[in-house]
Amino acid sequence: MLGSAFLRHTAAAVLLLLCSGCIHTVPFRDATGNVIPGSIASMETITIGGIPQSIWFRGISTSNPPLILLHGGPGASESALFRHYNSLLEQHFTVVYWEQRGTGRSFHFDIPLESMSIVQFVRDLDEVVEYVRHRFHKKKVVLVGHSWGTVPGIIHASQHPEKVSAYVGIAQVADVPEGRRLSYGFALSEAKNRGNAKAVSELEAIGPPPYASVDERLTTARWVERFGGIFHTHLSTGKLIWTALNTDEANLIDLIRFGQGNRFSLVQLENEISRLNLSDRYRSFKIPMFFLLGRYDKHVPATLAERYFETIETPCKRLVWFENSAHNPPFEESARFNRILIEEVLPVVNSVDCKSSQHSSCLMNDAIESPCISPYFSCSFRNEGYI
C-alpha cells in the first residue's frame, strides 16, 4: 500500500513538473549572441492593489516609449498571444504585458471578492502606470486596451491625461446592454438563416438579454463565434489556445489558471459590466485617441464603437477599420495592426503634442484643411474645457 501511494504521489509530482515546464522569456541578443545593452526581457511578479500580479517587460531598448497592454475578458490573459502575433512592437516600444487581477498567474483563490470592481481595476492600472513611469523614467505611457481592457483603459485615459501619451482601443466597449442585444439578435438571425436548429433552440431558450447568468451570456458568445462574429478569418479560440501554449512564456498550468481566472472574473464582474455604458460618461479627452475596429465584430459590436467615436471630443482622434477581422484585429490582421501602432500611433507619441503631428497625419487621408475630418481621421485642435 505504501509503495503504490508513493508511486501515485511521484507520478502526480512528475505530471505537475511536466505541466509547469520552464517558462521564460528570451533576451534580446546581438549577432554575436550577447544581450543587447539597454534591452529588457523579464517575467516578474509585483504587488499591485495589495495582491501579487504577473507582469512581463519586453523591449529592445528601455529608452523607447512604454506601452501597456490591457487584455480582454475580463480574466482572459492575452499576453502570450500578443507575444506571438505582435512581438514586432518590442522593437519600437517597451511593451508591458500585464495579467490583471483575477487573471492567469494573477489569479489567487483568496482575492477579496469586493475588490473585483471596475473602480479597483482602474486603481490597479494607475499603480502599473506609476510603476512603469518611475522604473523607466518616463512621463507618460501608451495604453492599448482590447475588449474588456478598453474599460479600465479609457476610464484611466480620461482621469489621468497627464500620464498617458495616447490611448488605443481595440474592439472598444461602448454601451454594453445595447451591445448584448445586438449580439444576441445577430446570433439568432444567423441561426435561423442557416437552418441551425440547435442554435435556434439554445438561443430561444435563454431569450434576449439581460441574462440571468454568465452561462447564458457565454451561450450567446459561443454561437456568435460559430457564425463569424468573433473571428472572421481562419482563427478560432482553440487555435489561439494552441498558439499560446507554443510560446516560451506559457504552458499547461497557464491554461488551467486561464480557465479558473476567466470564470472567476466573469462571475464577479458581471453585475457591474452588464449595466455599463461608457459612451454616456466618457466623451471628452485631452490626449490622442485611436479606435481600431474589426468590420465583422458582433461580439462587442463595432457599430456601437463607431457611434461612440463620433461623439468623442479630443485634440486628435483616428478610427481604423480592419476589413478582414471581427473581434480580434491584433491576431487576425497582425501585420496591419503592428504597422498602425508603429507608423501612426508612435509618431503621435513621439511628438510634443498632437498638433505637431497634424500635417503628416491629416495629409495621409488627403485632408488639407484644419480641422480635418475624414471617415478615418479627425483633428480638432481646440482648447475647450474638458470634463
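Numbering of residues starts from 1 in every chain and runs along the sequence as written. Thresholds applied to this predicted model are a pLDDT of at least 70 for local features of residues and 80 or more for the giving and counting of side-chain atom pairs; totals over whole chains, interfaces and linings are not thresholded and use all residues. For the side-chain quantities, the full set of heavy atoms in the structure was used; hydrogens and water were omitted.

Bringing the overall build of the chain into the picture now. Put simply, DSSP H or I for four residues or longer makes a helix, DSSP E for two residues or longer makes a strand, and each gets a number counted from the N terminus. In terms of regular secondary structure, the chain is built from 14 helices and ten strands. The buried label applies to any residue whose accessible area, calculated with a 1.4 Å probe on protein chains only, is under 20% of its type's maximum; exposed applies above 50%, and partly exposed to all values in between. Burial statistics for the chain: of 387 residues in total, 55% are counted as buried. It only takes one pair of heavy atoms within 4.5 Å for two residues to be counted as in contact. Sequence-distant contacts, at least 24 apart, represent 74% of the contacts inside the chain between residues at least 6 apart. Summed over its atoms, the accessible surface of the chain is roughly 17,400 Å², and 56% of this surface lies on carbon and sulfur atoms. Note that accessible areas follow from Shrake-Rupley with a 1.4 Å probe, and for residues the cover is restricted to the protein chains shown.

Turning next to the packing of helix H3 (residues 118-136) against helix H4 (residues 150-159). Remark: H3 packs on H4, axes separated minimally by 9 Å, with the N-to-C direction vectors making an angle of 65°. Taken as axis vectors, H3 and H4 run roughly perpendicular relative to one another. The two elements H3 and H4 meet at a crossing, and its hand is right-handed. Here Ile118, Phe121, Val122, Leu125, Asp126 and Val129 of H3 lie close against H4, whose contacting residues are Val151, Pro152, Gly153, Ile155, His156 and Gln159. Of the residues assigned to the contact of H3 with H4, the class counts are eight nonpolar, three polar and one charged. Axis angles are defined between N-to-C directions and span 0 to 180 degrees, where every axis is a line fitted to C-alpha atoms and, for a helix, only to the segment in contact. Note on terminology: angles under 35 degrees are roughly parallel, angles over 145 are roughly antiparallel, angles of 65 to 115 are roughly perpendicular, and the others are oblique. By convention the crossing between two helices is left-handed if the near helix lies anticlockwise of the far one by an angle smaller than a right angle, and right-handed if it lies clockwise. Three residue categories are used. Nonpolar comprises Ala, Val, Leu, Ile, Met, Phe, Trp, Tyr, Cys and Pro, charged comprises Asp, Glu, Lys and Arg, and polar comprises the others, including Gly.

Before going further, it helps to examine the packing of aromatic side chains. Given two aromatic rings, their pairing is described by the distance between the two centres and the angle made by the two planes. For Phe, Tyr and Trp, rings pair up if their centres lie within 6.5 Å, where Trp contributes its six-membered ring, and each pair is then called stacked (planes under 30 degrees apart), edge-to-face (over 60) or tilted (otherwise). Applying the stated criterion across every chain, the model contains eleven aromatic pairs. Taken together, a centroid distance of 5.2 Å and an interplanar angle of 65° make the contact between Phe82 and Phe331 edge-to-face. Of this pair, Phe82 sits in helix H2 (residues 79-86) while Phe331 sits in helix H12 (residues 329-332); the two residues are 249 residues apart in sequence, bridging distant segments of the chain. With relative accessibility at 4%, the residue Phe331 sits in the buried group. Members of the aromatic cluster, each reached through a chain of ring pairs, are Phe57, Tyr131 and Phe136. For the cation-ring pair, Lys317 lies above Phe309, with the distance from its terminal atom to the ring centre recorded as 4.8 Å. A cation over a ring is seen here: Arg336 above Phe322, with NZ or CZ 4.8 Å from the ring centre. Ring-over charges, as used throughout, are those where CZ of Arg or NZ of Lys falls within 6 Å of the ring centre and within 35 degrees of the ring normal.

What follows is about the pairing of strand S1 (residues 40-48). Between any two strands, pairing holds if DSSP finds at least two bridges. Pairing of S1 with strand S2 (residues 51-59) involves nine bridges; the strand directions are antiparallel. For Thr45, the partnering residue across the bridge sits in S2 and is Ser54.

Gly73 connects to Pro74 through a cis peptide bond whose omega is 5°. Turning to its location among the elements, Pro74 is positioned in the loop between strand S3 (66-70) and H2. Here the amide bond leading from Pro209 into Pro210 is cis, since omega sits at 10°, within 30 degrees of zero. Within the fold, Pro210 resides in the loop between helix H6 (197-206) and helix H7 (214-226). Of note in the backbone geometry, His137 takes a positive phi value of approximately 60° without being a glycine. Within the fold, His137 resides in the loop between H3 and strand S5 (141-146). Classification of His137 as exposed rests on a relative accessible area of 72%. In the Ramachandran plot, Ala171 falls in the positive-phi region, its phi being about 55° despite a non-glycine side chain.

Structural measurements only, silent on function.
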